[in-house]
Amino acid sequence: MKVKFWGVRGSIPTPGPQTMEVGGNTSCVEVRTDDNQLLIFDAGTGIRLLGLSLMEEGFDKGGRVGHIFFSHTHWDHIQGFPFFAPAFVKGKAHFPTLKSPGGEEEPELSNTFNLYGAKRVFEKLENTLRGQMEYQYFPVSLDQMGATINFHEIQDNPIKIGENRIIPGRLNHPNGALGYRIENAKGDKVVVYATDTEHYYGGDLDPHVLALAKNADIFIYDSQYTPEEYLGDPANQKRSKIGWGHSTWREGVLLSKAAGVKQYILFHHDPSHSDKFLFEMEKQVQRHFSNSRIAYEGLEIIL
Ligand SMILES: [Zn+2]
Ligand SMILES: [Zn+2]
């Protein structure tokens, strides 16, 4: 199984000299299973680069299939979708009269993308993706993308893709979000994607996140704030972030220890955190949980 990070930032893209090493694109993680299923978690701006890479590996020829799992529909998790090139590959079978502007041959078959979102916000997943591509926002509509796009609503039941199980779990975020646990056939390779979520301040560890993370090889967790930022400092006019829907590295460490996680990846970095800040934070976190690291664009982990 391979995990690759294409977008690691929360809230808004943050290009610029301060964030060049960690990267400024918003949430998008690729998981390639041992039976070569393409699973994508969120379609933040990082999905654009993933799309270009997929085109080079054959998605430009059509007839390929991918699965995109949405945690929720906040901007930083959907905004890259209109720029996902493989979703524009249409097949002759679907568009017999369409000629490409350059006159080149269209592929025989379109690509197919299965899109998954929470049942509770399912209406919103399709409507929101459609809405952000309405003409006043974007010149190409969802229906003109060309690929076959299927929407699937999920709630508590696992889904099987190839030999793998994808188990959803509810997260604590304004308007709701889903985390996902990906298990291979034998259950001996486990990756967990859990963003955006806030811990229960002053309470127990979140039982939904604990269940998702149990004995995970890789635990990707919303670590947007330091514990100090989360609490704020009213004396210095620093507002607390309690109730904003995001968590801290301290909570990530507690969850990792309680769940028997092998590697903890800090994800969904705050837009205000520079490379320097994040690399210093990483060192600090490693003193509490040695096998931890910050996610950065291009990070690839093979299981
Ligand atoms: Zn987010
Ligand atoms: Zn969010």
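Whatever comes next refers back to the structure up there.
Calculation criteria
- Residues numbered from 1 in each chain as written.
- Chains lettered and ligands numbered in written order.
- Predicted model: local features only at pLDDT ≥ 70, side-chain atom pairs only at ≥ 80, totals over all residues.
- Heavy atoms only, no water.
- Phe/Tyr/Trp six-rings, centres within 6.5 Å; stacked < 30°, edge-to-face > 60°.
- Helix = DSSP H or I, 4+ residues; strand = E, 2+ residues; numbered from the N terminus.
- Lys NZ or Arg CZ within 6 Å of the ring centre and 35° of its normal.
- Buried < 20%, exposed > 50% of the residue type's maximum accessible area, 1.4 Å probe, protein only.
- Arc of directions from axis to C-beta.
- Pairing = 2+ DSSP bridges.
- Axes fitted to C-alpha atoms, helices over the stretch in contact; angles between N-to-C directions.
- Donors = N, O, S within 2.8 Å, 3.2 Å for Na, K, Ca; no water.
- Tetrahedral: all angles 85-135°; square planar, octahedral: opposite > 155°, others 65-115°.
- Patch = residues over 30% accessible without salt bridge, like charges linked within 9 Å, V, L, I, M, F, W, Y side chains within 5 Å.
- Areas by Shrake-Rupley, 256 points an atom, 1.4 Å probe, with all protein chains shown as cover.
- Salt bridge = Lys/Arg side-chain N within 4 Å of Asp/Glu carboxyl O.
- Contact = heavy atoms within 4.5 Å.

## A word on the packing of aromatic side chains
This structure, assessed with the given rule, holds 14 aromatic pairs. Taking 5.5 Å as the distance between ring centres and 40 degrees as the angle between the ring planes, the aromatic pair formed by Phe-41 and Tyr-193 counts as tilted. Residue Phe-41 is located in strand E3 (residues 38-41), and its partner Tyr-193 is located in strand E10 (residues 190-194); the two are separated by 152 residues in the primary sequence. Linked through ring pairs, Phe-5, Phe-41, Phe-69, Tyr-116, Tyr-180, Tyr-193 and Phe-267 together constitute an aromatic cluster. The side chain of Lys-241 reaches across the aromatic face of Tyr-225, ending 5.7 Å from its centre. The cationic tip of Lys-241 hangs over the ring face of Trp-244; the distance from NZ or CZ to the ring centre is 5.3 Å.

## Observations concerning helix H1 (residues 47-56)
Restricting attention to buried positions, one finds in H1 the residues Ile-47, Leu-50, Gly-51 and Leu-54. Down the axis of H1, the buried side of the element spans an arc of 105 degrees, and every buried residue falls inside it. Phi turns positive one or two residues past the end of H1, at Gly-58, with a value near 120 degrees.

## Remarks on the sheet that holds strand E12 (residues 263-267)
The strand order E7-E8-E9-E10-E11-E12-E13 describes an open sheet built from 7 strands, whose pairing is mixed. Of all strands in the sheet, those with a lone pairing partner are strand E7 (159-161) and strand E13 (292-294), marking the two edges. Each neighbouring strand pair of the sheet contributes to a mean axis angle of 20 degrees, computed without reference to strand direction. Across 5 bridges, the pairing between strand E11 (residues 218-222) and E12 is parallel. Looking across to E12, one finds that Phe-219 is bridged to Tyr-264.

## What to know about the coordination of the zinc ion (ligand 1)
When a metal carries six donors in an octahedron, the ideal angles between them are 90 or 180 degrees, while four donors in a tetrahedron ideally lie at 109.5 degrees. Distances from the zinc ion (ligand 1) to its protein donors, Asp-76 (OD), His-77 (NE2), Asp-196 (OD) and His-268 (NE2), fall within 2.1 Å. Around the zinc ion (ligand 1), the 4 donor atoms are arranged such that angles at the metal cover 91 to 166 degrees; this shape is classified as irregular.

## Remarks on a nonpolar patch on the surface
A cluster of nonpolar side chains, namely Tyr-201, Leu-231 and Ile-242, defines an oily patch on the protein surface of about 290 Å² accessible area. Here Tyr-201 lies in the loop between E10 and helix H3 (207-213).

## Observations concerning unusual backbone geometry
For residues besides glycine, phi is generally negative; the peptide bonds are generally trans as well. The linkage connecting Thr-195 with the following residue, Asp-196, adopts the cis geometry, with an omega of -10 degrees. Mapped onto the fold, Asp-196 is located in the loop between E10 and H3. You will see that Asn-36, though not glycine, has its phi angle at about 60 degrees, which is positive. With respect to the element layout, Asn-36 can be found in the loop between strand E2 (28-32) and E3. Notably, Asp-42 is not glycine yet its phi reads approximately 75 degrees, a positive angle. Tracing the chain through its elements places Asp-42 in the loop between E3 and H1.

## Concerning the environment of Ser-71
Within the secondary structure, Ser-71 is located in the loop between strand E4 (65-69) and strand E5 (112-118). Judged by its relative accessible area of 2%, Ser-71 falls in the buried class. Along the backbone, Ser-71 and Ser-27 are 44 residues apart, and their C-alpha atoms lie at a distance of 9.9 Å. In contact with Ser-71, not counting residues within four places along its chain, are Asp-42, His-77, Ala-177, Leu-178, Tyr-180, Tyr-193 and Thr-195.

## As for the sheet that holds strand E1 (residues 2-7)
Two orientations exist for strands paired in a sheet by backbone hydrogen bonds: parallel and antiparallel. With mixed pairing, the 7 strands of this open sheet are ordered in space as E6-E5-E4-E3-E2-E1-E14. Only two strands of the sheet have a single partner each, and these edge strands are strand E6 (148-154) and strand E14 (300-302). Between one strand axis and the next, the sheet turns by 20 degrees as a mean value, whatever way the strands run. This element, H1, spans E1, E2, E3 and E4 of the sheet and lies at about 35 degrees to E2.

## Overview of the coordination of the zinc ion (ligand 2)
In the first shell of the zinc ion (ligand 2), the protein supplies His-72 (NE2), His-74 (ND1), His-173 (NE2) and Asp-196 (OD), at 2.1 to 2.7 Å from the metal. Viewed at the metal, the 4 donor atoms of the zinc ion (ligand 2) are separated by angles of 90 to 169 degrees, and the geometry they form is irregular. Mapping the donors of the zinc ion (ligand 2) onto the primary sequence yields the spacing H-x1-H-x98-H-x22-D. The metal-metal distance between the zinc ion (ligand 2) and the zinc ion (ligand 1) is 3.6 Å, with Asp-196 serving as a donor to both. Within this pair, whereas His-173 is found in the loop between strand E8 (164-171) and strand E9 (177-183), its partner Asp-196 is found in the loop between E10 and H3, the two being separated by 23 residues in sequence. The pair formed by His-173 and Asp-196 is uniform in burial state, with each residue classed as buried.

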